[in-house]
Amino acid sequence: MSLERINPAELSPPTGFSHAVAATGSRLVFLAGQTALDGSGKVVGQTLPEQFERALANLLTALEESGGAPGDLARVTVYAVDVAAYRDCAGELGRIWRRLAGRDYPAMAVIGVARLWDEQALVELDGVAVLP
């Protein structure tokens, strides 16, 4: 499996994402949206960073159980109920990402939504990984 992160010099420098990711491999893993649910199905964490950390950990748990690792993520979409708050927390969210997933960033997008399935959820992440 190989992921090539592509960041053209003529585009603005990426911060916490890659502009494009080219993937070759034999197994695609589509990761369902994950929020800050604990094992009993309750949303945990009151703040956006707390919920982001749990949602990312949940996404990475599903990926690991599928045989993958954070570096295998080709695409992640973040759904946030408050994009302004997400931007305000971007530094802290980046530190959480690097601690849990490293510095090999997938192609990413942040999309503002009116609400998520669980009313208490502030953020949800889904993704696609390419495994050997």
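Residues numbered from 1 in each chain as written. Predicted model: local features only at pLDDT ≥ 70, side-chain atom pairs only at ≥ 80, totals over all residues. Heavy atoms only, no water.

A. Examining the environment of glycine 91 more closely. If you trace the backbone, glycine 91 turns up in helix 3 (residues 90–101). Taking the relative accessible area as the measure of exposure, glycine 91 reaches 40% and is therefore partly exposed. For the pair glycine 91 and aspartate 104, spaced 13 residues apart in sequence, the C-alpha separation works out to 17 Å. (Helix = DSSP H or I, 4+ residues; strand = E, 2+ residues; numbered from the N terminus. Buried < 20%, exposed > 50% of the residue type's maximum accessible area, 1.4 Å probe, protein only.)

B. Seen up close, the sheet that holds strand 4 (residues 73–80). Spatially, 3-6-4-5 is the arrangement adopted by the four strands of the open sheet, whose pairing is mixed. For this open sheet the edge positions go to strand 3 (27–34) and strand 5 (107–112), each flanked by a neighbour on one side alone. The sheet shows a mean angle of 10° between the axes of neighbouring strands, taken without regard to direction. Direction of pairing for strand 4 relative to strand 5: parallel, over a ladder of six bridges. If you follow alanine 80 over to strand 5, its bridge partner there is glycine 112. Against the sheet, helix 1 (residues 48–65) touches strand 3, strand 4 and strand 6 (123–131), its axis set at about 30° to strand 6. (Pairing = 2+ DSSP bridges. Axes fitted to C-alpha atoms, helices over the stretch in contact; angles between N-to-C directions. Contact = heavy atoms within 4.5 Å.)

C. Summary view of the side chain of aspartate 126. Take aspartate 126: it is sitting in strand 6. Here aspartate 126 sits buried without a salt bridge, and the closest side chain of opposite charge, arginine 75, lies 6.7 Å off (N-O distance). Within the local environment of aspartate 126, its side chain forms a polar contact with the side chain of tyrosine 79, the two groups lying 3.2 Å apart. Sequence-distant contacts of aspartate 126, defined by excluding residues within four places in its chain, comprise Leu31, Ala32, Gly33, Leu59, Arg75, Val76, Thr77 and Tyr79. (Lys, Arg positive; Asp, Glu negative; His and termini not counted. Salt bridge = Lys/Arg side-chain N within 4 Å of Asp/Glu carboxyl O. Polar contact = N/O pair within 3.5 Å; in protein donor to acceptor, adjacent residues only side chain to side chain.)

D. Fine view of the side chain of threonine 35. Considering the arrangement of structural elements, one finds threonine 35 in the loop between strand 3 and helix 1. For threonine 35, the residues in contact, after removing those within four places along its chain, are Arg54, Ala55, Asn58, Asp118, Ala121, Val123 and Glu124.

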